[in-house]
Amino acid sequence: MKISPEQKQELEDIYQSFLHDEKIMRMKEVPMHRGSNCYEHCFKVAKLAIKRALRHKKASLEVVLLASILHDYYLYDWRKDRKLLKHHGKVHPKLAAENAYRDFGVSPTIQNAIKSHMWPLNFKDFPKSKEARILTWADKAICIREALTSKKHKQKSRNRYLAHINKLFDK
Ligand SMILES: [Fe+2]
Ligand SMILES: [Fe+2]
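Reading the values: rules and limits
Residues numbered from 1 in each chain as written. Chains lettered and ligands numbered in written order. Predicted model: local features only at pLDDT ≥ 70, side-chain atom pairs only at ≥ 80, totals over all residues. Helix = DSSP H or I, 4+ residues; strand = E, 2+ residues; numbered from the N terminus. Rg over C-alpha atoms; globule rule 2.2 N^0.38 Å. Buried ≥ 20, exposed ≤ 12 C-beta atoms within 10 Å, placed from the backbone. Core = buried A, V, L, I, M, F, W, Y, C linked by C-beta atoms within 7 Å. Contact = placed C-beta atoms within 7 Å. Axes fitted to C-alpha atoms, helices over the stretch in contact; angles between N-to-C directions. Parallel < 35°, antiparallel > 145°, perpendicular 65-115°, else oblique. Left-handed = near helix turned anticlockwise from the far one by under 90°. Nonpolar A, V, L, I, M, F, W, Y, C, P; charged D, E, K, R; others polar. Bend = angle between axes of the 7 residues up to and from the residue.

Asker: So what's going on with the overall build of the protein chain? Which residues, and what values?
Answerer: Counting its secondary structure elements, the protein chain contains eight helices and zero strands. For the protein chain, the succession of helices and strands along the chain, N to C, is α-α-α-α-α-α-α-α. Whereas a compact globule of 171 residues would reach a radius of gyration of roughly 16 Å, the protein chain reaches 15 Å, a difference of no more than 12%. If one aligns the C-alpha atoms of the protein chain with their principal axes, the spans along those axes are about 50 × 40 × 30 Å. Here the protein chain, with 171 residues, has 35% of them falling under the buried criterion.

Here's what the structure looks like:
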């Protein structure tokens, strides 16, 4: 799909407002795979999801963007509590959707996309919309990349990723 410079700027503005939002920054305290944190992870997913969505004719870019940024907005460290550790995979999408609604008033379409991002683990929560399927795919792709990052290259690639997430569109 072709988008105008104005549309591009609009998406970039939304991305930047979330990137610098104090509530969103709390995700920096939530650790993720291999030294990454929730904040970096979500913006990496958002960038990849938008790239993918631009190849689809009818996907709503704003839905993809917001659902991606907020898909892991659950705000707790599941490694610190055995009970959370056991159920985290299944429970966190619903919590993230609730938090996203509470703090940003996101639409039901966005909430549903967030809720289904762990499919097929949460088998009943099938990603019904095109936007939800894009998010599910992008999240898995980034998780695999993060998991495959060797410890040796961790810091190096983290610095690269930090520069990478500064902007939604690279050029
Ligand atoms: Fe997740
Ligand atoms: Fe994720």
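Asker: Before we move on, could you go through the nonpolar core and cite the residues and values that matter?
Answerer: Side chains of nonpolar character tend, in soluble globular proteins, to be buried together. Membership of the largest hydrophobic core comes to 37 residues, with the highest contact counts inside it found for Ala46, Ala49, Val64, Ala67 and Leu70. Excluding residues that lie within four positions of it along the chain, valine 64 makes contacts with Ala49, Ile50, Ala53, Ala59, Glu131, Ile134 and Leu135.

Asker: Please give an account of the packing of helix H3 (residues 38–53) against helix H7 (residues 130–148) that cites residues and values.
Answerer: Two numbers describe how H3 lies on H7: the axes approach to 9 Å, and their chain directions differ by 130°. Judged by the angle between their axes, H3 and H7 are oblique. Here H3 and H7 pass one another in a crossing that is right-handed. Between H3 and H7, the contacting residues are His41, Lys44, Val45, Leu48, Ala49, Arg52 and Ala53 on the first element and Ile134, Leu135, Trp137, Ala138, Asp139, Ala141, Ile142 and Glu146 on the second. Split into classes, the residues belonging to the contact of H3 with H7 amount to ten nonpolar, one polar and four charged.

Asker: How would you sum up helix H5 (residues 82–104)? Please name residues and give values.
Answerer: Along H5, the helix axis deviates most sharply at histidine 88, where the bend reaches about 85°. Of the positions making up H5, those classed as buried are His92, Pro93, Ala96, Ala97 and Ala100. In this structure, the buried side of H5 is in contact with helix H4 (61–70) and helix H6 (108–115). Of the residues flanking the end of H5, it is glycine 105, one or two places downstream, whose phi is positive at about 55°.

Asker: Got a sec to walk through the environment of alanine 97? Specific residues and values, please.
Answerer: The residue alanine 97 is located in helix H5 in this model. The class of alanine 97 is buried, set by 25 C-beta atoms lying within 10 Å. Along the primary structure alanine 97 and aspartate 72 are separated by 25 residues, whereas in three dimensions their C-alpha atoms are 8.4 Å apart. Setting aside anything within four residues of it in sequence, one finds alanine 97 in contact with Gln111, Ile114 and Lys115.

Asker: Describe H4, listing the residues and the values that go with them.
Answerer: Of all the ten residues making up H4, nine are buried; the element is thus mostly covered by neighbouring parts of the structure. Tucked inside the fold, the buried residues of H4 contact helix H1 (5–19), H3, H5, H6 and H7.

Asker: Got a sec to walk through the packing of H3 against H4? Specific residues and values, please.
Answerer: For any two helices packed against each other, one specifies the inter-axial angle together with the distance between the axes. For the pair H3 and H4, interaxial distance at closest approach is 8 Å and the crossing angle is 160°. One element, H3, and the other, H4, form an angle in the roughly antiparallel class. In this structure, the crossing between H3 and H4 has a hand that is right-handed. The residues of H4 that touch H3, namely those facing Cys42, Phe43, Val45, Ala46, Ala49, Ile50 and Ala53, are Leu61, Val64, Leu65, Ser68 and Ile69. Residue classes in the contact of H3 with H4 are distributed as eleven nonpolar, one polar and no charged.

Asker: I'd like a rundown of the environment of lysine 128, residues and numbers included.
Answerer: Locating lysine 128 in the fold gives a position in the loop between H6 and H7. Overall, lysine 128 belongs to the partly exposed group, with 13 C-beta atoms counted inside 10 Å.

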